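Here is how the chains run, residue by residue.
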Amino acid sequence: MSKYWRYRILTNQPCEDEVLNDSTKAKLVLDDPSDFRVPRSSSAAPRITSASNPTHEPTPAEPPAAPAPQVQNATSSTSSNFETLRFHQMTGRHVSLNTMRNMASRCSSEYTQGYVFSERPIRNNEKVVIEVVSVQQLYKGGLAFGVTCCDPSTLRSTDLPDDSSDLIEMPQYWVGIKDIALQPRVNTVLSFWITDAGEVKFEKDQGVARTVLHVDNSLPLYMYFDLYGSTQAIKLRGTVFS
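All figures in this text were calculated on a predicted structure; none of them were measured in a lab. (Residues numbered from 1 in each chain as written. Predicted model: local features only at pLDDT ≥ 70, side-chain atom pairs only at ≥ 80, totals over all residues. Heavy atoms only, no water.)

**Digging into the overall build of the protein chain**
Worth spelling out the cut-off: Secondary structure is summarised from DSSP: a helix means a run of H or I of at least four residues, a strand means a run of E of at least two, and numbering begins at the N terminus for each. Exposure classes here rest on a 1.4 Å probe applied to the protein chains alone. A residue is buried below 20% of its type maximum, exposed above 50%, and partly exposed in between. In this description, contact between two residues means that some pair of their heavy atoms is separated by no more than 4.5 Å. Per-residue and other accessible areas were derived by the Shrake-Rupley procedure at a 1.4 Å probe size, with only the shown protein chains allowed to occlude residues.
Each helix and strand in the protein chain was counted, giving 0 helices and 16 strands. Across the 242 residues that make up the protein chain, the buried fraction comes to 50%. Within the protein chain, contacts between residues at least 6 apart in sequence are counted, and of these 70% link residues at least 24 apart. Split by element, the accessible area of the protein chain, about 11,900 Å² in all, is 49% carbon and sulfur.

So this is what it looks like as structure tokens:
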């Protein structure tokens, strides 16, 4: 399938990055023009926005080693008043799900391939709430988040790159942000939802909500998370309408 890219920068306007292929047109509008990256076929990997690395300085390919991991686990919490939502059974290579598919854990000896997806597309104004239940301070970086029109059932774990920045090289519509919560701690509650205007809102511990992405919500959009670096396990509490 052929694919090409084009971009434009308008005075005092956000930067638009348009991805076109034979059957699908996807559109991403970034909040900050400095976040714009044009994917290219060179050896340099494309980057998705990083909350902890706004200047896009390169980070080590592998987190530094340490004598022993320091793991923190969450205490139990209630999930009442939430509509049930589960993770899709398709995951990254280093993730396991519990039988209810509401808890995802990355292998403690790995720091990549921690992808999990919502089991269905997320509706407008449907707030997806997750809780960080385990972190490993051995590693740098943290949870990545994004949306895609790609049905996870059409993927294989081997299709997914180790670096979530490279998801934009895949043929479907992928939009994401790395280290969304700046290495969240155990018991941190994170909420994500898409507004009618296509804004992706993010809220940490019921604080002030902020817009982190703009997406094409005319497409059916699944949410995905990458349990990367210090974020080792998350619990999907469910959804509520904002």
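**Considering the confidence of the model for the protein chain**
Our working rule: How sure the predictor is of each residue is captured by pLDDT, a score from 0 to 100.
For the protein chain, per-residue confidence averages 78 on the pLDDT scale, and residues scoring 70 or more make up 67% of the total. Within the model, the stretch residues 1–47 combines pLDDT values under 50 with 85 contacts to residues more than four positions away or in other chains. Note that pLDDT drops below 50 for residues 75–79; the model gives that stretch 7 contacts with residues more than four away or on any other chain.

**Some points on the pattern of salt bridges**
Applicable threshold: Throughout this description, the term salt bridge denotes a Lys or Arg side-chain nitrogen within 4 Å of a carboxyl oxygen of Asp or Glu.
Counted under the stated rule, the structure contains 12 salt bridges. Glu119 is the partner of Arg101 in a salt bridge, and the nearest nitrogen-oxygen pair spans 3.4 Å. Of this pair, Arg101 sits in the loop between β6 (95–97) and β7 (103–106) while Glu119 sits in the loop between β8 (115–117) and β9 (126–136), and the two are 18 residues apart along the sequence. One salt bridge connects Glu203 with Lys127, and the closest N-O pair in it is separated by 3.6 Å.

**Section: the pairing of strand β14 (residues 210–214)**
Sheet faces and side chains relate simply in a regular strand, where the side chains alternate between the two faces. Short version of the rule: Pairing between strands is defined by DSSP: at least two bridges between the two strands are required.
The sheet contact formed by strand β13 (residues 199–204) and β14 spans 4 bridges and is antiparallel. Directly across from Phe202, in β14, lies its bridge partner Arg210. What sits between β13 and β14 in their antiparallel hairpin is a turn of 5 residues, with Asp205 showing a positive phi close to 50°.

**Observations concerning the side chain of Arg120**
Just so we agree on the cut-off: Under the rule applied, a polar contact is a pair of N or O atoms within 3.5 Å (in protein, one hydrogen donor and one hydrogen acceptor; residues adjacent in sequence only if both atoms are side-chain atoms).
Note on placement: Arg120 falls in the loop between β8 and β9. Of the polar contacts made by the side chain of Arg120, one reaches the side chain of Glu126; its length is 2.6 Å. Once residues within four sequence positions are removed from consideration, Arg120 is found in contact with Glu83, Leu85, Glu126, Tyr222 and Thr239.

**Let's talk about the packing of aromatic side chains**
Here the distance between the centres and the angle between the planes together describe a pair of aromatic rings. What counts is decided by this rule: In this analysis, rings of Phe, Tyr and Trp, with Trp reduced to its six-membered ring, are considered paired at centre separations within 6.5 Å, and the interplanar angle assigns stacked below 30 degrees, edge-to-face beyond 60, and tilted for intermediate values. Only when the NZ atom of a Lys or the CZ atom of an Arg is both within 6 Å of the ring centre and within 35 degrees of the ring normal do we say a charge sits over the ring.
The final tally for this structure, using the stated rule, is 9 aromatic pairs. Between the aromatic rings of Phe192 and Phe225, the centroid separation amounts to 5.4 Å while the plane-to-plane angle is 65°, which identifies the pairing as edge-to-face. On the criterion of sequence distance, the pair formed by Phe192 in strand β12 (residues 189–194) and Phe225 in strand β15 (residues 222–226) is long-range, its members being 33 residues apart. The buried category is assigned to Phe192, whose relative accessible area is 0%. Overall, the relative accessible area of 2% leaves Phe225 in the buried class. Every member of this aromatic cluster is reached through a ring pair, and the members are Phe145, Phe192, Phe202 and Phe225. Stacked on the ring of Trp193, the Lys or Arg Lys127 has its end atom at 4.4 Å from the ring centre. Its guanidinium or amino end placed over the ring of Tyr228, Lys178 lies 5.9 Å from that ring's centre, counting from NZ or CZ.

**A short note on the side chain of Thr188**
Here Thr188 shows up in the loop between β11 (174–178) and β12. For Thr188, a relative accessible area of 6% corresponds to the buried category. Discounting residues that sit within four places of it in the chain, Thr188 has contacts with Ile130, Glu131, Val132, Lys204 and Asp205.

**Remarks on the pairing of strand β10 (residues 144–148)**
When you tally the buried positions in β10, you get 5 out of 5 residues, the bulk of the element. The two faces of β10 match: Ala144, Gly146 and Thr148 on one face and Phe145 and Val147 on the other face are all buried. Across 4 bridges, β10 lies against β11 in antiparallel orientation. Within the sheet, the bridge partner assigned to Val147 lies in β11 and is Val175.

**What to know about the nonpolar core**
The line we're drawing: Here, nonpolar core refers to any group of buried Ala, Val, Leu, Ile, Met, Phe, Trp, Tyr and Cys residues whose side-chain atoms link them within 4.5 Å.
In terms of nonpolar packing, the biggest core is built from 34 residues, with Ile130, Phe145, Ile180, Phe192, Val215, Phe225 and Ile234 touching the most fellow members. At the level of elements, β9, β10, β11, β12, β13, β14, β15 and β16 (231–241) are the ones that each hand at least two residues to this core. A total of 4 residues in this core trace back to one element, the largest contributor, which is β9. Formed by 10 residues, the second largest nonpolar core is a distinct cluster that contains Met90, Tyr115, Phe117 and Leu155.

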